[in-house]
Amino acid sequence: ILQQLHNSKVEDVGQKKKLKLSEVIKAKICIIRFMRRFGCLLCKLGASETSDLKTILDETYGEEQVQLVGIGFDELAYDQFLQGKFFSGKIYLDSTKQVYRSMGIGREGMCGYWKSQFKKRFKEATAKGYTYNMEGDHKQFGGTFIVAEGKGVLFKHTQRNYGDEPDRDTIINIIEKYMEATKSPEISFENQQ
């Protein structure tokens, strides 16, 4: 997975320039968030929660240790997403969805909107005042990956339904274990999926 991830190309929207993900990842730990749609209510909520997590990690390890990278597949509602400041990391585009496919991020039919997890997350997002639009590819799922310097992919979470997000404590524990392991080589690290 790491080789596919590093060689995958994404577009820097501001510069209209293609870059390998290996050129994008700069920190010791990189949390890569694959967005479903920029206008998606649940994507805004998940991106915001990931940004909140980054704040916690920065307080623990320092701002330069953990990087957030967002990847979307089209520019629909991109400007509104940026203006809403839902995600504190840099966002890139994968307009061909090649990176999504190579990372095993799947798709679902519209019936996923009626699952209980979706309903719960929808209520959370609307309670925060988030708005949404229905533009774009509704079937594309997202995902969250944690990539670490010297270790590769530490964590992979691909959505299986709308509103499916990785457990925040799991992410914190994985990063904590990695940071400890890089200080003390005798600590073993187990890849979690």
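Residues numbered from 1 in each chain as written. Predicted model: local features only at pLDDT ≥ 70, side-chain atom pairs only at ≥ 80, totals over all residues. Heavy atoms only, no water.

Asks: Quick question: what am I supposed to make of the packing of helix α3 (residues 41-61) against helix α7 (residues 168-183) here?
Replies: The relative placement of two packed helices is expressed as an angle between their axes plus a distance between the axes. Following both chains from N to C, one finds α3 and α7 inclined at 25°, their axes separated by 11 Å at the closest point. When the interaxial angle is binned, α3 and α7 end up roughly parallel. When the axes of α3 and α7 are compared, the crossing they make is right-handed. Residue-level inspection shows Leu-53, Ile-56, Leu-57 and Tyr-61 of α3 in contact with α7, the latter providing Arg-168, Ile-171, Ile-172, Ile-175, Glu-176 and Met-179. Broken down by class, the residue content of the contact of α3 with α7 amounts to eight nonpolar, no polar and two charged. (Axes fitted to C-alpha atoms, helices over the stretch in contact; angles between N-to-C directions. Helix = DSSP H or I, 4+ residues; strand = E, 2+ residues; numbered from the N terminus. Parallel < 35°, antiparallel > 145°, perpendicular 65-115°, else oblique. Left-handed = near helix turned anticlockwise from the far one by under 90°. Contact = heavy atoms within 4.5 Å. Nonpolar A, V, L, I, M, F, W, Y, C, P; charged D, E, K, R; others polar.)

Asks: Help me understand the packing of aromatic side chains in this model?
Replies: The geometry of an aromatic ring pair comes down to the distance between the two centres and the angle between the two planes. With the rule as written, the count across this model stands at nine aromatic pairs. Relative to Tyr-100, the ring of Phe-34 lies with its centre 5.1 Å away and its plane at 75°, an arrangement referred to as edge-to-face. Taken together, the residues span a long stretch of sequence, with Phe-34 in strand β3 (residues 29-34) and Tyr-100 in helix α5 (residues 98-102) at a distance of 66 residues. Classification of Phe-34 as buried rests on a relative accessible area of 2%. Measuring from centroid to centroid gives 5.5 Å for Phe-81 and Phe-86, while their planes differ by 40°, and the two rings are tilted. There is no split in this pair, since Phe-81 and Phe-86 are both buried. (Phe/Tyr/Trp six-rings, centres within 6.5 Å; stacked < 30°, edge-to-face > 60°. Buried < 20%, exposed > 50% of the residue type's maximum accessible area, 1.4 Å probe, protein only.)

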